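A structural walkthrough
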Amino acid sequence: MNEHSRPPQTVPRLSATFDPATMAEIRRAAATGIYDIRGGGTKRKLPHFDDLLFLGASISRYPLEGYREKCGTDVVLGTRYAKKPIHLKTPVTIAGMSFGALSAQAKEALGRGASMIGTSTTTGDGGMTPEERGQSKTLVYQYLPSRYGMNPDDLRRADAIEVVVGQGAKPGGGGMLLGQKISPRVAKMRCLPEGIDQRSACRHPDWTGPDDLEIKIEELREITDWEKPIYVKVGASRPYYDTALAVKAGADVVVLDGMQGGTAATQDVFIEHVGIPILAAIRPAVKALQDLGMHRKVQLIVSGGIRSGADMAKALALGADAVAIGTAALIALGDNDPRWEAEYQKLGTTAGAYDDWHEGRDPAGITTQDPDLAKRLDPELAGRRLANYLAVMTLECQTIARAAGKSHVHNLEPEDLVALSIEAAAMAGVPLAGTNWIPGQGSF
Amino acid sequence: MNTIPTSQTVDLATVSLRELNQSLHRLGDRTNLSHWRILNPRGAHALACGLDADVTVEVDGDAGYYCAGMNKRATVIVHGNVGIGVAENMMSGRVYVKGDASQAAGATGQGGLLVVDGNTSGRCGISMKGIDIVVKGSIGPMSAFMAQAGSLVVFGDAGDALGDSIYEARLFVRGTVKSLGADCIEKPMKDQHRAELYAKLKEAGVAGEVDVGEFKRYGSARTLYNFHVDNASAY
Ligand SMILES: Cc1cc2nc3c(=O)[nH]c(=O)nc-3n(C[C@H](O)[C@H](O)[C@H](O)COP(=O)(O)O)c2cc1C
């Protein structure tokens, strides 16, 4: 038999269904008996802002002269009821991330960076630290189901209050902080024993449903003498109704977090399979505001996978008043930086893929309570990096807005956008590029 | 002779809740108005919440949700019933309810004392973080859920799933407990615990009313403190 008579061989073919990651996860589950917990947001590809494009000016629209003609970026949040609304110079804020999940240094750096640029930062599930209050010109204080570290003094020290109903990474889920990160200081703030696996509740202890929420908001307003804007944060799942109910309950601001949104520690199955992408959530939320006559009166902040001024511009064009960032802010501080590659390798991962934030061994010193690791992050330098990044986002957003002929980034509108895919066209309610087809228009 | 008034009566039929709470919040440390009486509360929500002064506020009638919420230092006495979340997240001070309380009484409270003469509905002491709660009647289901610290003393009975996922709070119940929640167990009531309970009752001004020997003690088995796959059915 010679070579030429050999029948053609099949090549080894990997299954698309049982791909290597899926099989590795089955083996891991079989070996350990516990679901995978990790930090970060969804890792699979989802319809996102990348699937939208701006049209820019043309014969029928005039652009603004770059650098010369002004393009405003300021935003006021909390104009509905609060005696002291918040003024931000740029419509990108730092999302709530807990002290506990993050080191005190990282929280301080977030405050420094945000303050330099004239925007706000947010506490998280674990209370307010003096470091972040001290370094944050404008600080939003989260009111979470766990109520860790909640107290009336910090409530009054805050510039706004955010009632957290849910998070995009895990709508319907509570928090968790594993024992490794419950340091003495974290334990004390949360009033828990050190070293235990802390689970935080997914439902608020003293209210359920929109009617109770209305009364809860009234209480928070009474305690703070109606000064502070009150936000309500929801994970994107039923954005039309959640937005409408938050408005009915008396929110000044609705924060809508899509499924790409990061988390400090959640089951992978939750992160990847619950909730909807932010792209699909903005239009229904805006529609709810419009139907109630509240668009731009109750402000909408959106988050979940926002990385650049382009993402920001697209979110604003779809009707948001501002965006919030979590993961991107951590990357700006130094998270997943290749300079720590050798150490990521030791942890069995690589720069860019490190997501075991719950284990507290972050080489970059951000998602840790280990004093030696945390010391690696210089809050001043990291704060500067964050400020630079926020400035770039703002400039990018202005660049796009000017190209579309807008003298304020809030003047961006859906008509400035087209979609690259049918999915994105349907979700964002803008035409597929080159057509005038908006799939599913008329019934969200 | 001029005397400085030390008490003030506010009629909520004529004054708004906003004005009342605002006046209470403005009380400085050197206030002479150390006693307030509130008339016609008519179930108002958020009544006397966010106080931070050494004053006594007496409410003549029923209050709604979150009465005395986040209280610090003040003594609030309600001569009536209260709605959901009385004394929620209390930091210090005292809150007395002469009637019954709805759900989530003393929820997440970090300090101070809450005494309910009547019964409370479910979730009494949910996520409590250091508050002491004394209920002279009975409490509803899911009470002391995820209770972290502090004590809950019940003269009557407790509903289903008492102390589910409890951390370090201490529970004392004189009557029957319909069922215990995950990780909550009965613990031996030794002399030291009777002494501790007596001290709590004394603090609440009700020491003579019951025999501490009749109480059973409940707390955390601490088996859920660190995740273990063999406990998965308890989560
Ligand atoms: C490390 C980390 C900790 C977080 N902690 C909280 C929290 O305590 N409360 C909360 O509402 N959201 C929390 N989040 C979610 C963020 O507030 C925000 O919704 C999300 O990060 C936005 O998506 P992005 O990460 O894609 O920007 C956390 C996110 C991260 C990455």
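Given the structure is predicted, the values throughout are model-derived calculations rather than measurements. (Residues numbered from 1 in each chain as written. Chains lettered and ligands numbered in written order. Predicted model: local features only at pLDDT ≥ 70, side-chain atom pairs only at ≥ 80, totals over all residues. Heavy atoms only, no water.)

1. Regarding the overall build of chain B
From N to C terminus, chain B includes 2 helices and 11 strands. Traced from its N-terminal end to its C-terminal end, chain B shows the element sequence β-α-β-β-β-β-β-β-β-β-β-α-β. By its C-alpha atoms, chain B is 70 × 35 × 25 Å across when sized along the principal axes. For chain B, the exposed surface amounts to about 9100 Å²; the carbon and sulfur share of it is 47%. Side-chain charges of chain B comprise 23 positive and 25 negative groups, with the mean position of each set lying 3 Å from the other. (Helix = DSSP H or I, 4+ residues; strand = E, 2+ residues; numbered from the N terminus. Areas by Shrake-Rupley, 256 points an atom, 1.4 Å probe, with all protein chains shown as cover. Lys, Arg positive; Asp, Glu negative; His and termini not counted. Charge placed at Lys NZ, Arg CZ, Asp CG, Glu CD.)

2. So, the interface of chain A and chain B
Note: interface size is frequently given as the accessible area lost on complex formation between the parts. Residue-level contacts link 40 residues of chain A with 38 residues of chain B. Sorting the residues of chain A by area buried against chain B places R199(A), P205(A) and E222(A) first, and these three jointly supply 20% of that buried surface. The tally of links from chain A across to chain B stands at 5 salt bridges. We note a salt bridge from E88(B) to R147(A), for which the minimum N-O separation is 3.7 Å. The interface formed by chain A and chain B includes 17 residue pairs in polar contact (both at pLDDT 80 or more). Elements with a contribution of two residues or more to the side of chain A that touches chain B: α4 (152-157), β10 (198-199) and α6 (209-223) of chain A. Here the side of chain A that touches chain B gets 7 residues from one element, more than from any other, and that element is α6(A). Its residues assigned to classes, the side of chain A that touches chain B shows 16 nonpolar, 10 polar and 14 charged. (Contact = heavy atoms within 4.5 Å. Buried area = accessible area lost by both parts, 1.4 Å probe. Salt bridge = Lys/Arg side-chain N within 4 Å of Asp/Glu carboxyl O. Polar contact = N/O pair within 3.5 Å; in protein donor to acceptor, adjacent residues only side chain to side chain. Nonpolar A, V, L, I, M, F, W, Y, C, P; charged D, E, K, R; others polar.)

3. A few points about the sheet that holds strand β5 (residues 92-94) of chain A
All names here are of chain A. With parallel pairing, 8 strands are arranged side by side in an open sheet as β5-β15-β14-β12-β11-β8-β7-β6. Of all the strands in the sheet, just β5 and β6 (120-122) have a single pairing partner and so form its edges. Averaged over all pairs of adjacent strands, the angle between their axes in this sheet comes to 25°, without regard to strand direction. Across 4 bridges, the pairing between strand β8 (residues 160-164) and strand β11 (residues 230-235) is parallel. Each bridged residue has a counterpart across the sheet, and for V163 the counterpart in β11 is V232. Of the strands in this sheet, β11 and β12 (253-257) touch helix α7 (residues 239-248), which is tilted by about 155° from β12. In this fold helix α9 (residues 278-291) packs onto β12 and β14 (299-303), with an angle of close to 170° to the strand it touches most, β14. (Pairing = 2+ DSSP bridges. Axes fitted to C-alpha atoms, helices over the stretch in contact; angles between N-to-C directions.)

4. Observations regarding the pattern of salt bridges
Counted according to the given criterion, the structure contains 47 salt bridges over all chains. Across the pair E214(A) and K248(A) runs a salt bridge, and its minimum N-O distance is 3.2 Å. Separated by 34 residues along the polypeptide, E214(A) in helix α6 and K248(A) in helix α7 bring together distant segments of the chain. When its relative accessible area of 34% is taken as the criterion, E214(A) is described as partly exposed. Judged by its relative accessible area of 42%, K248(A) is partly exposed. As a salt-bridge pair, R94(B) and E203(B) come within 2.7 Å of each other at their nearest N and O atoms. Taken together, the residues span a long stretch of sequence, with R94(B) in strand β5 (residues 94-97) and E203(B) in helix α2 (residues 191-203) at a distance of 109 residues. Taking relative accessible area as the criterion, E203(B) reaches 48% and is therefore assigned partly exposed. Several salt bridges share partner residues, and in doing so they unite R147(A), D206(A), K216(A), E219(A) and E88(B) into one network. (Buried < 20%, exposed > 50% of the residue type's maximum accessible area, 1.4 Å probe, protein only.)

5. Quick word on the site of the ligand
All names here are of chain A. For the ligand, the set of nearby residues contains 25 residues, the closest of which are G96, D257, G305, G326 and T327. Separating an oxygen atom of the ligand from a backbone N or O atom of G96 is a distance of 2.7 Å. Expressed as a share of its isolated accessible area of 600 Å², the protein-covered part of the ligand is 97%. (Near = heavy atom within 4 Å.)

6. Topic: empty space enclosed by the protein
Residues and elements named next belong to chain A. For the structure shown, the criterion picks out 3 cavities of 30 Å³ or more. If you trace the largest cavity, you find 13 residues lining it, with T93, A95, T122, E162 and A324 closest to the centre. Listed by contribution, the elements that provide at least two residues to the lining of the largest cavity are β5, β6 and β11. A class-by-class count of the residues in the lining of the largest cavity yields 7 nonpolar, 4 polar and 2 charged. (1 Å grid on protein atoms, 1.4 Å probe; cavity = no way out; pocket = protein on both sides within 12 Å on 5 of 7 lines; lining within 4 Å. Points joined across faces, edges and corners; volume = space filled by probe spheres on them.)

7. Remarks on the packing of aromatic side chains
Per the counting criterion, the structure on display carries 6 aromatic pairs over all chains. Consider the rings of Y240(A) and Y241(A), whose centres lie 5.2 Å apart with planes at 85°: the pair is edge-to-face. According to the relative accessible area criterion, Y240(A) is partly exposed, its value standing at 26%. On the numbers, 6.0 Å between centres and 75° between planes, the contact of F155(B) with F215(B) is edge-to-face. With F155(B) in the loop between β8 (149-154) and β9 (170-173) and F215(B) in the loop between α2 and β11 (216-220), this pair connects stretches of sequence that are 60 residues apart. Taken as a pair, F155(B) and F215(B) share a single burial class, namely buried. The ring of F99(A) carries R185(A) above its face, with NZ or CZ at 4.7 Å from the centroid. (Phe/Tyr/Trp six-rings, centres within 6.5 Å; stacked < 30°, edge-to-face > 60°. Lys NZ or Arg CZ within 6 Å of the ring centre and 35° of its normal.)

8. Examining the sheet that holds β5(B)
Residue and element names in this part refer to chain B. Strand order in the open sheet made by the 11 strands is β1-β2-β3-β4-β5-β6-β7-β8-β9-β11-β10, with mixed pairing throughout. A single partner strand is all that each edge strand has here, and the edge strands are β1 (7-11) and β10 (184-187). On average, each strand axis in the sheet is inclined to that of its neighbour by 15°, with strand direction left out of account. On top of the sheet, helix α1 (residues 17-25) reaches β1, β2 (35-39) and β3 (56-60); it is set at about 170° to β2, its chief contact. Where α2 meets the sheet, it contacts β5, β6 (113-116), β7 (129-135), β8, β9 and β11, and its direction lies at approximately 85° from that of β9.

9. Overview of the nonpolar core
Across soluble globular proteins, nonpolar side chains show a tendency to be buried alongside one another. Formed by 98 residues in total, the largest nonpolar core has its most connected members in L52(A), L300(A), V302(A), I325(A) and L333(A). Among the elements that take part in this core, helix α14 (residues 379-403) of chain A stands out by supplying 9 residues, more than any other. The residues contacting L300(A), other than those within four sequence positions of it, are V254(A), L256(A), I282(A), A285(A), V286(A), L289(A), G319(A), A320(A), D321(A) and A322(A). Judged by nonpolar contacts, the second largest core, of 52 residues, contains V55(B), A68(B), I131(B) and A158(B). (Core = buried A, V, L, I, M, F, W, Y, C linked by side-chain atoms within 4.5 Å.)

10. Description of the pairing of β9(B)
Bridge count for β8(B) against β9(B) is 4 bridges, and the pairing is parallel. Looking at the pairing, S151(B) lines up with R170(B) of β9(B).

11. Here's the deal with α2(B)
All names here are of chain B. Compared with an ideal rise of 1.5 Å per residue, which puts 13 residues at 18 Å, α2 spans 18 Å between its outermost C-alpha atoms and is within 8% of the ideal. Burial in α2 covers these residues: H193, L197 and L201. Along α2, the residues classed as buried sweep out an arc of 75° about the axis, all on the same side. The exposed set on the far side of α2, more than 90 degrees from its buried face, consists of D191, Q192 and K202. Residues of α2 that are buried sit in contact with β7, β8, β9 and β11. Just downstream of α2 lies G205, where phi reads positive at about 75°. (Expected span 1.5 Å × (residues − 1). Arc of directions from axis to C-beta.)

12. Considering the confidence of the model for chain B
Where the model shows low pLDDT, its predicted coordinates should not be examined in detail. When pLDDT is averaged along chain B, the result is 95, and 97% of the positions lie at 70 or above. Among the scores for the predicted complex, ipTM is 0.95 and pTM is 0.96. (pLDDT = per-residue confidence, 0-100.)

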